[in-house]
Amino acid sequence: MTAETAAKDKPTELVDRATIRFAGDSGDGIQLSGNQFTLTTASVGNDLATLPDFPAEIRAPAGTLPGVSSFQISFSGSEVLTPGDEPDVLVAMNPAALKANLGELPHGRIIVVNEDAFEPGNLKKAGFHENPLENDDLKAYRVVKVPMTTVTAEALVDTKLSKKDVERCKNFFALGVVYWMYSRPLEPTLEWIGEKFAKKPEYVEANSLALKAGYNYALTTEIFSAHFTVRKAKLKPGVYRNVTGTEATVLGLLAAAEVAKTPLFYGSYPITPASDILHELAKYKHYNVKTFQAEDEISAVGSAIGASYGGHIGVTGTSGPGLSLKAEFIGLAVMVELPLVIVDVQRAGPSTGMPTKTEQGDLLQAFFGRHGESPVAVLAAASSADCFRMAYEAVRLATKYMTPVILLSDGYLTNGAEPWRIPNESELPPIQISHLADPDTYKPYERDCLTFARRWVVPGTPGMEHRVGGLETEDITGNVSYDPINHDLMVRMRQAKIMRIAADIPPVKVRGEEQGDLLVLGWGSTYGAITTAVDQLRAAGHKVSSAHLRYLNPFPRNLGEVLAGFKTILVPEINLGQLRLLLRGKFDGNFIGYNRVEGRPFKVHEIEDKIKELLR
Amino acid sequence: MADLNQALQAPPEPTKKDFMSDQEVRWCPGCGDYSILAQMQKIMPELGIPREKIVFFSGIGCSSRFPYYMNTYGFHTIHGRAPAVATGLRCARPDLSVWVVTGDGDGLSIGGNHLMHALRRNMDITILLFNNRIYGLTKGQASPTSELGKITKSSPYGTIEHPIDPVSFALSSEATFVARTLANEPKHLAEILKRAAAHRGSSFVEILQNCNIFNDGAFVHFAGKDVRADRMLYLEHGKPMVFGANNDKGLTLDCPTLKKIEVKTNADRERLLVHDETLDDPGLAYSLSRLTYPDYPVSVGVFRYVIKPTYSGMLSEQINDAIARKGRGTLHDLLNSGKHWTIKADGSQARG
Ligand code: SF4
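How each quantity is defined
Residues numbered from 1 in each chain as written. Chains lettered and ligands numbered in written order. Predicted model: local features only at pLDDT ≥ 70, side-chain atom pairs only at ≥ 80, totals over all residues. Heavy atoms only, no water. Core = buried A, V, L, I, M, F, W, Y, C linked by side-chain atoms within 4.5 Å. Buried < 20%, exposed > 50% of the residue type's maximum accessible area, 1.4 Å probe, protein only. Helix = DSSP H or I, 4+ residues; strand = E, 2+ residues; numbered from the N terminus. Domains from an automatic or database assignment. Contact = heavy atoms within 4.5 Å. Buried area = accessible area lost by both parts, 1.4 Å probe. Salt bridge = Lys/Arg side-chain N within 4 Å of Asp/Glu carboxyl O. Polar contact = N/O pair within 3.5 Å; in protein donor to acceptor, adjacent residues only side chain to side chain. Nonpolar A, V, L, I, M, F, W, Y, C, P; charged D, E, K, R; others polar. Pairing = 2+ DSSP bridges. Axes fitted to C-alpha atoms, helices over the stretch in contact; angles between N-to-C directions. Near = heavy atom within 4 Å.

1. A word on the nonpolar core
Across soluble globular proteins, nonpolar side chains have a tendency to be buried as a group.
Line of reasoning, step 1. In this structure, A:L552, A:L579, A:L583, B:F57 and B:F75 are the most contacted members of the largest nonpolar core, which totals 157 residues.
Line of reasoning, step 2. Broken down by element, the residue count for this core peaks at 10 residues, all from helix 15 (residues 386-401) of chain A.
Line of reasoning, step 3. Of the residues that make up this core, three or more belong to each of domain 2 (242-427) and domain 3 (510-615) of chain A.
Line of reasoning, step 4. Contacts of A:L583, omitting those with residues within four sequence positions, involve A:L521, A:F555, A:L559, A:L563, A:V571 and A:F591.
Line of reasoning, step 5. Core analysis: the next-biggest nonpolar cluster, separate from the first, contains 53 residues, A:F71, A:I193, A:L219 and A:V230 among them.

Listed below in structure tokens is the structure:
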């Protein structure tokens, strides 16, 4: 069965963009449905962006509000940079899912509910006094009631699965319904089911039946009068795959190690939302990757420094609380001038904060969260797929400049997914690593005159035995030194080395006119929302430009010039104005913040509203 | 010509001098650390490991200056964390000989967690803990091994905390080689260092070291030259546990504890425990590690020596297995992994 055959039976309506939110109990397989919808949507050629959202509790009590998990996807024939402000369709698998998400659903939109789940027990757990499907509460919406549990059970009556297992298949039923609604093919998911349950044919049969049953139900019943199609996106020619930010980060690190012909070591301690990087990298042992689950955050970074000392690419990954714990060790890496990559997948803080929610609160910590003058390079990925490029860059710069590099990602980027155009091998910038072996001329703190980096000499090299450490070292010789003039020199040298990186990174690009009244300047994961808002307003005739920072320390060399071209610079951030503070310290300009710290990405309309307010 | 002749000759055997760095040693005169450094430099040429393959790590404290004085590779890290850095190097470079020098404050206080985990993972690292039962570098505060009631700068009314025994700690942390020795007994020290170096796995050596500035005489009541024969038990594998200037005292097992006995008759001799460092069960070793003077002799020597797979060994094995099974991954494989699709120049799309 394909979308084309079905299309004959009911009229289709062409839409430019669609946003769907799947919501249900965290045990309902919501993330799985979302991921399947994503893969299928990517395979039919739409551009897309996703936003998974799950509770911090592993299994909050079933049917309750804290147990609701959701997955939003936005897809279109045009460029998609955000997972969409509000859904067009909400799929609610139970009353709690409806209640938790209704507030964000504009009137007139579609709600598909599993009618069977609206029984007294679940209604009570979700805090409904009456069944909203039976009163007027939802009359502002287009509600489609589907008895998913019952119909799934009927479809699976001939299988040998237990009642509980049959019940579990209803997420595939729901997915089938939505596939019909948006004219998606079933084949990619059928294939996936076949591979996933290869060893359990009864599950292959049951889940496939459920998926088809959902599709047929939508096709044949009277509940939908029409369904939608979305045009293919005009993506740049090339080979694509879908990646989450986590996968892109891992691929970026691995690619850098392969290009550098240097093994990768990843030391990490479990922490949400960074643990998946460890899980993912641990699968790549055949790339000679060494992953180490350390006893704590401190050991995780320490082991990465030890590996770097031995000539590996030492990487550690964490989230905010872990970055706090790693501070002293990062300072050591600054002092001994060894390469080190620290991936910080930011989450809502301070303290434990909201571990599964996103935030941009660690920028100043990345810059300054260590004692003494302790400069490191700071990079930030702009989208899930961009994590590839920036992870690669982090390794390139760390090894070239013999310095720690902090790569900022966040919960939204790491869990979100989008199509990624796979680069050709020749598109990857070179990473050349050589470990000097010339005992006659070696001085541990002699520097390259261009990069100011010292040489990377690894233990095992005969005749070059030397000592490094956290004590201040004498310029050139690397001997311990308490000389005041030398300390001042070394402090400035370490700073100058980081500033040298500015010559090695791309200038910041302006989207729109390069001069004008208003520039919207962002960094990190706000790229999608800012760019979409600015593009839409420009299309509507407003005069506004945007620019985005992937390199924070040092800033791109032309940033001052760019800023000087605008009367006002709006800086939206999911913090209280950390980039704004840095800009004010360095540049003249009228910097205005737009700051919300709600544990979620910006919505496009929020930024649009702010821009309009400033343009008025 | 002379140069050529010289070059053709086999390199001269390394000597103690080859392991001495050009840095001036800055411990207080009379500090026990000097003796440890001297013995280390003396045994190094005997290990048969090229100098460039040896790496010393340290944390912070008097002991932690050690790497600066060894003409090997050396890394003075941060307080308590040397085992973490050593772990990373060990994983990256199975070809090196990796040493950690720590102290009672560095290793058991701020760095207790790292020490425990490096030991239980059976990291192939040799960890030397210089125990002087005081903080020296910060000028005389109580340490985790200071005895209860000790008066120090930070405890003018006496400490109110119970000390921990480093060897007991190492045994309960699953170290596979555990020993205790003394800085002022060079021969014993050298022997133990050599055995620790030879062990494949986590080696832990407590070295009782006098800090003559802040805790002078910490061990003299049992380790003083004139009393040590009667107050210390030298553990030797396969030998009965006897001590005393005339071998007239010994240890037997009087369940559930160890018991000190006079050894006069053959019957006494038969009751003596025989030391077995290779026992997998560390229970007896643990009991021996906790004996304190004056009720018991203080035991030194090798408490435990068992062979188990090392972390780095198993790590290499897993990597080699994965490569054998899947083939060594390449950049091309990496970029083409996952389900992908192609968008052609005309905008049409193909799967795969
Ligand atoms: S303070 Fe004590 S331990 Fe430190 S160097 Fe002086 S004598 Fe040795």
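2. Things to note about the interface of chain A and chain B
Line of reasoning, step 1. Tallying the contact residues gives 74 residues for chain A and 60 residues for chain B.
Line of reasoning, step 2. The largest share of the area that chain A buries against chain B comes from A:H286, A:E465 and A:R467, three residues that together contribute 13% of it.
Line of reasoning, step 3. Note that B:R51 and A:E465 form a salt bridge whose closest N and O atoms lie 3.5 Å from each other.
Line of reasoning, step 4. Joining chain A to chain B, the criterion identifies 26 residue pairs in polar contact (both at pLDDT 80 or more).
Line of reasoning, step 5. Ranked by residue count, the leading element in the side of chain A that touches chain B is helix 12 (residues 297-309) of chain A, at eight residues.
Line of reasoning, step 6. Tallied by class, the residues present in the side of chain A that touches chain B amount to 39 nonpolar, 20 polar and 15 charged.
Line of reasoning, step 7. Of the pairings in the sheet, the one linking strand 17 (residues 467-469) of chain A to strand 2 (residues 73-76) of chain B comprises three bridges and is parallel in character. Following the sheet pairing, A:R467 is matched in strand 2 of chain B by B:G74.

3. Quick word on the sheet that holds strand 22 (residues 566-573) of chain A
Residues and elements named next belong to chain A.
Line of reasoning, step 1. Taken in spatial order, the five strands of this open sheet run 18-20-19-22-23, and their pairing is mixed. Each end of this open sheet is capped by a strand with a single partner; those strands are strand 18 (510-511) and strand 23 (591-595).
Line of reasoning, step 2. Here strand 18 pairs with strand 20 (residues 545-549) via two bridges, running antiparallel. By the bridge assignment, R511 is partnered in strand 20 with S546.
Line of reasoning, step 3. In this fold helix 18 (residues 527-539) packs onto strand 18, strand 19 (516-523), strand 20 and strand 22, with an angle of close to 165 degrees to the strand it touches most, strand 20.
Line of reasoning, step 4. Across the sheet, helix 21 (residues 604-615) lies against strand 19, strand 22 and strand 23, angled at about 150 degrees from strand 23, the strand it touches most.

4. Some words on the site of the ligand
Line of reasoning, step 1. The environment of the ligand is formed by B:W27, B:C28, B:C31, B:C62, B:N132, B:Q209, B:C211, B:N212, B:I213 and B:F214.
Line of reasoning, step 2. Within the shell around the ligand, the residues separate by chemical class into seven nonpolar, three polar and no charged.

5. Focus on the sheet that holds strand 5 (residues 89-92) of chain A
All names here are of chain A.
Line of reasoning, step 1. With respect to topology, six strands assemble into an open sheet ordered 3-4-2-5-6-7, the strand pairing being mixed. With one partner strand each, in any of the chains shown, strand 3 (47-53) and strand 7 (142-146) form the two edges of the open sheet. Adjacent strand axes in the sheet meet at a mean angle of 15 degrees, parallel and antiparallel pairs treated alike.
Line of reasoning, step 2. Where strand 5 meets strand 6 (residues 110-114), four bridges bridge the pair, whose relative direction is parallel. By the bridge assignment, V91 is partnered in strand 6 with V112.

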